[in-house]
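This is what each chain is made of:
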Amino acid sequence: MGGMNVRHLISPMDLSVSEVDELLDLAGQIAADPKAFAHKCTGKKLATLFYEPSTRTRLSFEAAMLELGGSVLGFSSSDASSAAKGESVSDTARVVSCYADIIAMRHPKEGAATVAAARASIPVINAGDGGHHHPTQTLTDLLTIRQLKGRLSHLTVGLCGDLKFGRTVHSLLKAMCRYEDVRFFLVSPPELQVPSYIREDLLAGGFPFTEVERLEDAIGEMDVLYMTRVQRERFFNEEDYIRLRDSYILDAAKMKLAREDMIVLHPLPRVNEIAVEVDDDPRACYFQQVLFGKYIRMALILKLLEVV
Ligand code: NCD
């Protein structure tokens, strides 16, 4: 990474497999000794431009920068920004380039981060653009899987829930396809299957995947189960949402069908799709995943700012 040109992170594919490895290694070092990194970003500022609500992602970026000794500024909804006055994303990106050293941005429209990156003179990190991509969640997921399973290859990964609108699913599928011998179970109701562009990519690349409707039919074969929330805000009508929201509820009974060493991940927020009783199961790793999310964002900020 680095060089004369400003590096951005818009899609998970902006990083090569070896760059991802480097980031995961660095995040592992940070996780082992966060204090050693406490002053790496002294004097640096992160701007969080959030045009769409978020708790975890925004706070994890802020926590990451604060833990590196830097500071943060920004807004957490579009009503609180000049977007409410009609300012374009590209103008905002230009303006903020004068105030900060790096931007993390979330926007409801697909492609918004690309527009911002074209105008910003500082690195732009896409923190989610509509139903499109969410690369830092994917880095979080990869780090969690690598730390907990010891590898990113030779895995059977089940993705369950809203595979149509879930951007974390789209980004994770893209990223996992780059590792050897990874098989997917895509578990969803027919209405929420992966978009056809993703299915075509999987077919064209010859990546083995099976689409199933019942979680019980596939859970026993999985090394990783990635649960997702039905993305209410991307539905066209509330009736469909209500009909589909409880399609999957992972509970203790379903966990009995899973392997002893399967791990359950979830990008959070959870709504109903994982029963609270599962939280005490040692295979439930979604809260650990949150912590890995902070470490990987620390690593990413360091790399994009060329501090290490
Ligand atoms: C995800 C997102 O924003 O896409 N959440 C997150 O990043 N923590 C998943 C979701 O909102 O369901």
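Everything numeric in this text was worked out from a predicted model, so none of it was measured.

**Student:** When you look at the overall build of the protein chain in this model, what are you seeing that I'm missing?
**Tutor:** Broken down by element type, the protein chain carries ten helices and nine strands. The globule rule puts the C-alpha radius of gyration for 308 residues at 19 Å, and the 19 Å found for the protein chain is close to it. Judged by the C-alpha coordinates and their principal axes, the protein chain covers about 55 × 45 × 40 Å. The proportion of buried residues among the 308 residues of the protein chain is 54%. Looking at the protein chain as shown, the accessible area adds up to about 13,100 Å², and 50% of this sits on carbon and sulfur atoms. Here the protein chain contributes 35 positively and 42 negatively charged side chains, and the mean placements of these two sets differ by 4 Å.

**Student:** What exactly am I supposed to notice about the pattern of salt bridges here?
**Tutor:** Pairing between side chains of opposite charge can happen when the charged atoms of each approach one another. Summed over all chains, the structure comprises 20 salt bridges. Between aspartate 25 and arginine 146 there is a salt bridge, with the nearest N and O atoms lying 2.8 Å from each other. Pair noted here: aspartate 25 is in helix 1 (residues 17-32) and arginine 146 is in helix 5 (residues 135-149), with a separation of 121 residues, a long-range link. Exposure remark for aspartate 25: the relative accessible area of 40% places this residue in the partly exposed category. Across the salt bridge formed by glutamate 52 and arginine 167, the nearest N and O atoms sit 3.2 Å from each other. Taken together, the residues span a long stretch of sequence, with glutamate 52 in the loop between strand 1 (45-50) and helix 2 (56-67) and arginine 167 in helix 6 (residues 167-176) at a distance of 115 residues. Of the residues examined, arginine 167 reaches a relative accessible area of 7% and is grouped as buried. Through salt bridges that share partners, Glu52, Arg167 and Arg234 make up one connected network.

**Student:** I'm lost on the site of the ligand in this one. Help?
**Tutor:** Close to the ligand lie Arg56, Thr57, Arg106, His134, Gln137, Arg167, Thr168, Arg229, Gln231, Pro267, Leu268 and Pro269. Within the side chain of arginine 56, a nitrogen or oxygen atom sits 3.4 Å from a nitrogen atom of the ligand. Take proline 267: an N or O atom from its main chain is 3.1 Å from a nitrogen atom of the ligand. Protein contacts shield 95% of the accessible area of the ligand, which totals 310 Å² for the unbound molecule. The set of elements that each furnish at least two residues to the shell around the ligand consists of helix 2 and helix 6. Its residues placed into classes, the shell around the ligand shows three nonpolar, five polar and four charged.

**Student:** Teacher, can you tell me more about the sheet that holds strand 4 (residues 124-129) here?
**Tutor:** Strands belonging to one sheet form pairs held by backbone hydrogen bonds; the direction of such a pair is parallel or antiparallel. Pairing within the open sheet is parallel, and its four strands lie in the order 2-1-3-4. With partners counted over all chains shown, the strands left at the sheet margins are strand 2 (71-75) and strand 4, one partner each. Each neighbouring strand pair of the sheet contributes to a mean axis angle of 15°, computed without reference to strand direction. Sheet topology note: the strand 3 (residues 102-107)/strand 4 ladder contains four bridges and is parallel. Counted as the bridge partner of isoleucine 103 is valine 124 from strand 4.

**Student:** Explain the nonpolar core here, please?
**Tutor:** Burial of nonpolar side chains together is a common tendency in soluble globular proteins. Counting residues in each nonpolar core, the largest one holds 58 residues, and the members touching the most others are Leu142, Leu159, Met176, Phe184 and Leu186. Examining the composition of this core, we find that nine residues originate from one element, helix 10 (residues 286-304), more than from any other. With 21 residues, the next largest nonpolar core counts Phe185, Tyr248, Leu250 and Ala258 among its residues.

**Student:** Could you clarify how one ought to interpret the packing of helix 5 against helix 10 in this entry?
**Tutor:** Packed helix pairs are specified by the crossing angle of their axes together with the interaxial distance, meaning the distance between the axes. The N-to-C vectors of helix 5 and helix 10 enclose an angle of 115°; their axes lie 8 Å apart at closest approach. The way helix 5 lies across helix 10 gives a crossing that is right-handed. Residue-level inspection shows Thr136, Gln137, Leu139, Thr140, Asp141, Leu143, Thr144, Gln147 and Leu148 of helix 5 in contact with helix 10, the latter providing Gln288, Gln289, Phe292, Gly293, Ile296, Arg297 and Leu300. Residue composition of the contact of helix 5 with helix 10, grouped by class: six nonpolar, eight polar and two charged.

**Student:** For this particular structure, what's the right way to read helix 1?
**Tutor:** Because an α-helix packs 3.6 residues into every turn, residues spaced three or four apart end up facing the same way. Relative to the 22 Å expected for 16 residues at 1.5 Å per residue, helix 1 spans 23 Å between its end C-alpha atoms, a close match to the ideal helical length. Burial in helix 1 covers these residues: Glu19, Val20, Leu23, Leu24, Leu26, Ala27 and Ile30. The buried residues of helix 1 occupy an angular sector of 165° when projected down its axis, which confines them to one face.

**Student:** How should I be thinking about the packing of aromatic side chains in this particular structure?
**Tutor:** Any two aromatic rings considered together are summarised by their centre-to-centre distance and by the angle between their planes. According to the stated counting rule, one finds four aromatic pairs in the structure shown. On the numbers, 5.3 Å between centres and 50° between planes, the contact of phenylalanine 165 with phenylalanine 235 is tilted. With phenylalanine 165 in the loop between strand 5 (155-160) and helix 6 and phenylalanine 235 in the loop between strand 8 (224-227) and helix 8 (238-244), this residue pair connects regions lying 70 residues apart in the sequence. Here phenylalanine 235 falls in the buried class, since its relative accessible area comes to 14%. A ring pair is formed by phenylalanine 235 and tyrosine 241, whose centres lie 5.9 Å apart and whose planes are at 75°; its orientation type is edge-to-face. Through a chain of ring-to-ring contacts, three or more aromatic side chains come together here, namely Phe165, Phe235 and Tyr241. Just above the ring of phenylalanine 61 sits the side chain of arginine 297; from NZ or CZ to the centre is 4.9 Å.

Parameters and conventions
Numbers given to residues run from 1 along each chain, matching the order in which its sequence is written. Side-chain atom pairs in this predicted model are given and counted only at pLDDT of 80 or more, local residue features only at pLDDT of at least 70, and totals for whole chains, interfaces and linings cover all residues. Calculated side-chain values reflect all of the structure's heavy atoms, with hydrogen atoms and water omitted. Only DSSP runs of H or I with at least four residues qualify as helices, and only runs of E with at least two residues qualify as strands; both kinds are numbered from the N terminus onward. Here the globule rule reads 2.2 Å times residues to the power 0.38, and the radius of gyration is calculated from C-alpha atoms. Each residue's exposure class comes from its accessible area (1.4 Å probe, protein chains only) as a fraction of the maximum for that residue type: buried when under 20%, exposed when over 50%, partly exposed otherwise. For the accessible areas, the method is Shrake-Rupley and the probe is 1.4 Å, while residue cover comes only from the protein chains on display. In this tally Asp and Glu are treated as negative and Lys and Arg as positive; neither His nor the chain ends contributes. By convention, the charge on Lys lies at NZ, on Arg at CZ, on Asp at CG and on Glu at CD. Here a salt bridge means any side-chain nitrogen of Lys or Arg lying within 4 Å of a carboxyl oxygen belonging to Asp or Glu. One heavy atom within 4 Å of a molecule or strand is enough for the residue carrying it to be called near that molecule or strand. Contacts described as polar in this section are N or O atom pairs within 3.5 Å, which, within protein, must combine one atom able to donate a hydrogen with one able to accept it, while residues neighboring in sequence count only if both atoms come from side chains. The nonpolar class holds Ala, Val, Leu, Ile, Met, Phe, Trp, Tyr, Cys and Pro. Asp, Glu, Lys and Arg form the charged class, and all remaining residues, Gly among them, are polar. By the convention used here, strands pair only if DSSP detects at least 2 bridges between them. Structural elements are reduced to axes, namely lines fitted to C-alpha atoms, with helices fitted over the stretch in contact, and the angle between N-to-C directions of any two is expressed from 0 to 180 degrees. What makes a nonpolar core is a set of buried Ala, Val, Leu, Ile, Met, Phe, Trp, Tyr and Cys residues whose side-chain atoms join them at distances within 4.5 Å. Crossing handedness is defined as follows: a turn of the near helix away from the far one that is anticlockwise and smaller than a right angle gives a left-handed crossing, while the clockwise case is right-handed. Working rule for contacts: check all heavy atoms of both residues, and any pair within 4.5 Å makes them a contact. Expected span, for any helix, means 1.5 Å times one less than how many residues it has. This arc describes the spread of directions from the helix axis toward the C-beta atoms. Paired rings are identified among Phe, Tyr and Trp, the last through its six-membered ring, by centres lying within 6.5 Å, and are further divided according to the angle between planes into stacked (under 30 degrees), edge-to-face (over 60) and tilted (the rest). Cation placement over rings: the criterion is NZ of Lys or CZ of Arg within 6 Å of the ring centroid and within 35° of the ring normal.

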